[in-house]
Amino acid sequence: MKIDVTKCAELLKEHDNILILTHAHPDGDTLGSGFALCRALMEIGKICAVINADEIPKKYSYLFDDIVPIKFKPDYVVAVDVATINLLGELESEYPHIDLCIDHHSTNTEYADNLLLEDVPANCQIMYDVINALGVEINAGIANCLYTGLTTDTGCFRYDSTTAQTYRVAAELIEKGAENGRINRIMFETKTKTYARLERLALESMRFYDNERVAVITITQEMYRLTGSNEQETEAIAPLTRQIEGVEVGITIREKADGTCKASLRTHNMINAAELAKCFGGGGHAQAAACRFDCDVKEARRQLVEKCGELLNDGNNLHQ
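Here goes a summary of the coordinates provided. These figures come from a predicted structure and were not determined experimentally.

## Observations regarding the overall build of the chain
Okay, so step 1: From N to C terminus, the chain includes eleven helices and eleven strands.
Okay, so step 2: The C-alpha atoms of the chain give 19 Å as radius of gyration, which agrees with the globular expectation for 320 residues (20 Å, within 12%).
Okay, so step 3: Principal axes of the C-alpha set define a box for the chain whose edges measure 55 × 45 × 40 Å.
Okay, so step 4: When contacts within the chain are restricted to residue pairs at least 6 apart in sequence, those whose partners lie at least 24 apart make up 66%.
Okay, so step 5: Computed over 32 positive and 49 negative side-chain charges, the separation of the two mean positions in the chain equals 5 Å.

So this is what it looks like as structure tokens:
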């Protein structure tokens, strides 16, 4: 059932022992949404916690390092920034029933009571309204969480999806204590040595197709072994493909330990990344999306490049 912000806040007030699920391979928006909501619910006396199927990268530790973990049996399960339940990874089988979803993806499958605002660039912008509807005063801890989601899902406010309201919310969060300078440095400027080595190999792997309008980076398990890096550090690599002059579709394919792979898609206005991802069972946003493949990297690259060629040379391509 589709609901609005007011109804969402009412449902959260009615329940306790609330478990908040974030999507696998977590980013700043799902984690920022989850921990902002958790902090807000704790302010009104709720028992709650945030979990993820994967290990959360250390750079996000400031979102939760002062929250004491609580063990409890959940009575109400909430998913944040999760368009489809398969994005939960291993949590999907553990929590087959989800009560409430707060999301902003156009590919959302409406698997729960659904607060869905597709035109909002970051889920944390929706969460800002939910927390206000809960009657919770936004403190510095909540502000840091919400600002993290805003800045990461808008590419530090560079993406076309960024709206005037996004800037207004960001300004209010800074007034509430969000450490915007520090967060932006952590998210966009600070690199580990292992990531720097992985980025070098990733850029060396870049190949161009379809008159250099499609750029593909391939990240293999061997690259992780050589650099000491891991999948947690690949989040910043996907946007690199879209920075190349003339590239309309940037693809980063990450090999999984079991030999399958996941592709991150970045596009400009000519192709809708979410619709491209949907061709392979995935989803996301107009300029940033992802999909999974039950095949090796080479076959996934072939399928993606072929589909991109079809779309780029078709007058009825999947544009916005």
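Moving on from the coordinates now.
## Topic: the packing of helix H5 (residues 140-153) against helix H7 (residues 180-189)
Okay, so step 1: Axis separation between H5 and H7 bottoms out at 10 Å; the angle between their running directions is 50°. It follows from the interaxial angle that H5 and H7 lie oblique. Our pair here, H5 against H7, has a crossing hand that is right-handed. Residues Asn144, Tyr147, Thr148, Thr151 and Thr152 of H5 form the contact with H7, whose participating residues are Asn180, Ile183, Asn184, Met187 and Phe188.
Okay, so step 2: The residue makeup of the contact of H5 with H7, split by class, is four nonpolar, six polar and no charged.

## Focus on the sheet that holds strand E11 (residues 288-293)
Okay, so step 1: Reading across from one edge, E6-E7-E8-E9-E11-E10 is the order of the six strands in this open sheet, with mixed pairing throughout. Both outer strands of the open sheet, strand E6 (207-209) and strand E10 (283-284), are each paired with one neighbouring strand and no more.
Okay, so step 2: Looking at chain direction, strand E8 (residues 249-255) and strand E9 (residues 261-267) are connected through seven bridges and run antiparallel. Its bridge partner being in E9, valine 249 is matched across the sheet by threonine 267.

## Looking at the environment of asparagine 86
Okay, so step 1: When you line up the elements, asparagine 86 lands in the loop between strand E3 (76-80) and helix H3 (91-94).
Okay, so step 2: A distance of 2.4 Å separates polar atoms of two side chains, one belonging to asparagine 86 and the other to threonine 84.

## Comments concerning the environment of methionine 1
Okay, so step 1: Turning to its location among the elements, methionine 1 is positioned in the segment before helix H1 (5-14).
Okay, so step 2: Non-local contacts of methionine 1, meaning those with residues more than four positions away in its chain, are made with Ala112, Asp113 and Asn114.

## Details of helix H11 (residues 297-312)
Okay, so step 1: When the terminal C-alpha atoms of H11 are compared, their 22 Å separation across 16 residues agrees well with the 22 Å that a helix rising 1.5 Å per residue should span.
Okay, so step 2: For H11, the elements touching its buried residues are E6, strand E7 (214-219), E8, E9, helix H10 (273-278) and E11.

## Section: the sheet that holds strand E2 (residues 48-51)
Okay, so step 1: Spatial strand order, E2-E1-E3-E4-E5: five strands in an open sheet with parallel pairing. Each edge of the sheet is formed by a strand with only one pairing partner; in this case those strands are E2 and strand E5 (113-116). The average angle at which neighbouring strand axes cross in this sheet is 20°, direction not considered.
Okay, so step 2: Direction of pairing for strand E4 (residues 100-103) relative to E5: parallel, over a ladder of four bridges.

## Observations regarding helix H8 (residues 193-204)
Okay, so step 1: An ideal rise of 1.5 Å per residue puts 16 Å on twelve residues; H8 measures up with 17 Å between its terminal C-alpha atoms.
Okay, so step 2: Along H8, the residues that are buried comprise Thr194, Tyr195, Leu198, Glu199, Leu201 and Ala202. The buried side chains of H8 occupy one side of the element, clustering within an arc of 165° when seen end-on.
Okay, so step 3: Summarising the contacts, the buried residues of H8 are in contact with E7 and helix H9 (221-227).

Calculation rules
- Residues numbered from 1 in each chain as written.
- Predicted model: local features only at pLDDT ≥ 70, side-chain atom pairs only at ≥ 80, totals over all residues.
- Heavy atoms only, no water.
- Helix = DSSP H or I, 4+ residues; strand = E, 2+ residues; numbered from the N terminus.
- Rg over C-alpha atoms; globule rule 2.2 N^0.38 Å.
- Contact = heavy atoms within 4.5 Å.
- Lys, Arg positive; Asp, Glu negative; His and termini not counted.
- Charge placed at Lys NZ, Arg CZ, Asp CG, Glu CD.
- Axes fitted to C-alpha atoms, helices over the stretch in contact; angles between N-to-C directions.
- Parallel < 35°, antiparallel > 145°, perpendicular 65-115°, else oblique.
- Left-handed = near helix turned anticlockwise from the far one by under 90°.
- Nonpolar A, V, L, I, M, F, W, Y, C, P; charged D, E, K, R; others polar.
- Pairing = 2+ DSSP bridges.
- Polar contact = N/O pair within 3.5 Å; in protein donor to acceptor, adjacent residues only side chain to side chain.
- Expected span 1.5 Å × (residues − 1).
- Buried < 20%, exposed > 50% of the residue type's maximum accessible area, 1.4 Å probe, protein only.
- Arc of directions from axis to C-beta.

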